[in-house]
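Listed below are the residues making up each chain.
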Amino acid sequence: AVNNKPLKVIELNNAEKSNWILALRGTPGTIFDPTNGQIGQMPPSGPFMSANDLQRIADWINVGAPR
């Protein structure tokens, strides 16, 4: 939670707005920005996911995160 408000983890069909992807990437300009974000990149001390693995997760979200 940020400012006592829960964060939605996944925005179905929209990986670029999904907090899970923003956090794993450490997206600049968001709360997950490793240099000045309130939370920072996840996991906090790494190891960080490869770009290929992140893309696989993003692709899954973008198709509705099917089971």
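See above for the structure.
Residues numbered from 1 in each chain as written. Predicted model: local features only at pLDDT ≥ 70, side-chain atom pairs only at ≥ 80, totals over all residues. Heavy atoms only, no water.

S.K.: Sorry, what's going on with the overall build of the chain here?
M.R.: When helices and strands are tallied, the chain shows 2 helices and 0 strands. The C-alpha atoms of the chain give 12 Å as radius of gyration, which agrees with the globular expectation for 67 residues (11 Å, within 12%). Expressed as lengths along the three principal axes of its C-alpha atoms, the size of the chain is roughly 30 × 25 × 20 Å. Counting the 67 residues in the chain, one finds 28% classified as buried. At a minimum sequence separation of 6, the contacts of the chain that also span at least 24 residues come to 46%. Of the roughly 4,700 Å² of accessible surface on the chain, a fraction of 53% belongs to carbon and sulfur atoms. With 6 positive and 5 negative side-chain charges, the chain shows a separation of 8 Å between the mean positions of the two kinds. (Helix = DSSP H or I, 4+ residues; strand = E, 2+ residues; numbered from the N terminus. Rg over C-alpha atoms; globule rule 2.2 N^0.38 Å. Buried < 20%, exposed > 50% of the residue type's maximum accessible area, 1.4 Å probe, protein only. Contact = heavy atoms within 4.5 Å. Areas by Shrake-Rupley, 256 points an atom, 1.4 Å probe, with all protein chains shown as cover. Lys, Arg positive; Asp, Glu negative; His and termini not counted. Charge placed at Lys NZ, Arg CZ, Asp CG, Glu CD.)

S.K.: Sorry, what's going on with unusual backbone geometry here?
M.R.: Excluding glycine, a negative phi dihedral is what most residues carry, and trans is how most peptide bonds are arranged. In this chain, Met-42 is followed by Pro-43 through a cis amide linkage whose omega measures -10°. Structurally, the position occupied by Pro-43 is in the loop between helix 1 (19-25) and helix 2 (51-62). A cis amide bond links Gly-46 with the next residue in sequence, Pro-47, at an omega value of 0°. Positive phi values are uncommon outside glycine, yet Asn-13 reaches one of about 65°. Residue position: Asn-13 is located in the segment before helix 1. Positive phi outside glycine occurs at Ala-65, with the angle close to 55°. Structurally, the position occupied by Ala-65 is in the segment after helix 2.

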